[in-house]
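# Fold and geometry: a report
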Amino acid sequence: MQKLKEDIKQKIMEVGTLKFKKEGYDNTSMKDIASAAGISTGNIYRYFLTKKHLLNEILKELEIEIEDFFSKIPSNYEEIKSHEIFDLMIDMTLNIAEKKGDTLKVMFKCENENQFVEFKSKVLEMFISKMFEIAKSIKKENIDMTLCEAMARAQFEGFIFIVKSNIDDTQKLKKNLMIYEKLMIENLGERVLEVVKK
């Protein structure tokens, strides 16, 4: 049995990302990707059983990076201000847009695919969890998760919409995210304290 090579797997992922971005997920076949990667159609299936498996692997790299990001944010309200979380999210997003802009574009082109929906849900859950941990550090008992989730969902959906709308222009993306931050975050810490401490 022939051994799978990491460099070929990476090449397939790079070509798949570019093809999905340019042609769209639905309009790209595994045969197209194999041809562009310079391998046989039969060989590509040794690395990825289906096109969905390939997309999952492409999105997995982003998911790991985002998980790592959320794990580094302090969970104690005393250690971090609400605007700092947003600043960190902007920095992470701009970093990903610069390093993995093609992957983000693929993600948004595959918006109705189950993988994208699942990916977006996982990231949203990470964000909601972090907001809940921070709120819990303010008030130790009887935290209404509904309020945390509602605030997190509103911020997250707006954030995603701005990224999607400005993905081709990182300067405009940064500017619009900073304006959004100002609109969403100004006095948020005080408002959260008022609600959570009641």
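For the structure itself, look to the data block above.
Attention in this report is confined to the structure presented alongside it. (Residues numbered from 1 in each chain as written. Predicted model: local features only at pLDDT ≥ 70, side-chain atom pairs only at ≥ 80, totals over all residues. Heavy atoms only, no water.)

## What about helix α7 (residues 145-166)?
Threshold: For helices the rule is a DSSP run of H or I covering at least 4 residues; for strands it is a run of E covering at least 2, with both sets numbered from the N terminus onward. For a helix, the expected span equals 1.5 Å multiplied by the residue count minus one. Note on exposure labels: buried denotes an accessible area under 20% of the residue type's maximum, exposed denotes more than 50%, and partly exposed covers the range between, all computed with a 1.4 Å probe on protein chains only.
Taking 1.5 Å per residue, 22 residues should reach 32 Å; α7 reaches 31 Å between its end C-alpha atoms and fits that length. Taken together, the buried positions of α7 are occupied by C148, A152, Q155, F156, G158, F159, I160, I162, V163 and N166.

## Considering helix α4 (residues 51-72)
Owing to its 3.6 residues per turn, the α-helix aligns residues three or four sequence positions apart on the same side. Short version of the rule: Polar contact criterion, stated in full: a pair of N or O atoms within 3.5 Å, where within protein one must be able to donate a hydrogen and the other to accept it, and residues adjacent in sequence count only if both atoms are side-chain atoms.
Given a rise of 1.5 Å per residue, 22 residues ought to cover 32 Å, and the 33 Å separating the end C-alpha atoms of α4 matches this to within 8%. For α4, every residue scored as buried is listed here: K51, L54, L55, I58, L59, L62, E63, I66, F69 and F70. Regarding α4, its N-cap is T50, as a side-chain oxygen of that residue lies 3.3 Å from the backbone nitrogen of K52 further along.

## Side note on the pattern of salt bridges
Definition in use: For this analysis, a salt bridge means a side-chain nitrogen from Lys or Arg found within 4 Å of a carboxyl oxygen belonging to Asp or Glu.
Applying the stated criterion to the full structure yields 10 salt bridges. Between K21 and D102 there is a salt bridge, with the nearest N and O atoms lying 2.9 Å from each other. Taken together, the residues K21 in helix α1 (residues 6-23) and D102 in helix α5 (residues 82-109) connect sequence positions 81 residues apart. Across the pair E63 and K122 runs a salt bridge, and its minimum N-O distance is 3.4 Å. With a gap of 59 residues between them, E63 in helix α4 and K122 in helix α6 (residues 114-138) connect regions that are remote in the sequence. Judged by its relative accessible area of 14%, E63 falls in the buried class. Relative accessible area serves as the criterion here: at 41%, K122 is assigned to the partly exposed category.

## Digging into the packing of aromatic side chains
Where we set the bar: Only centres within 6.5 Å qualify two rings of Phe, Tyr or Trp (six-membered ring in Trp) as a pair; their planes then separate them into stacked at under 30 degrees, edge-to-face at over 60, and tilted for everything else.
Inspection of every chain in the model, using the stated rule, returns four aromatic pairs. Taken together, a centroid distance of 5.2 Å and an interplanar angle of 55° make the contact between F20 and Y25 tilted. Like Y25, F20 is buried. On the numbers, 5.0 Å between centres and 65° between planes, the contact of F69 with F70 is edge-to-face. Its relative accessible area of 11% is what places F69 among the buried residues. Connected via pairs of aromatic rings, a cluster forms that spans F69, F70, F127 and F156.

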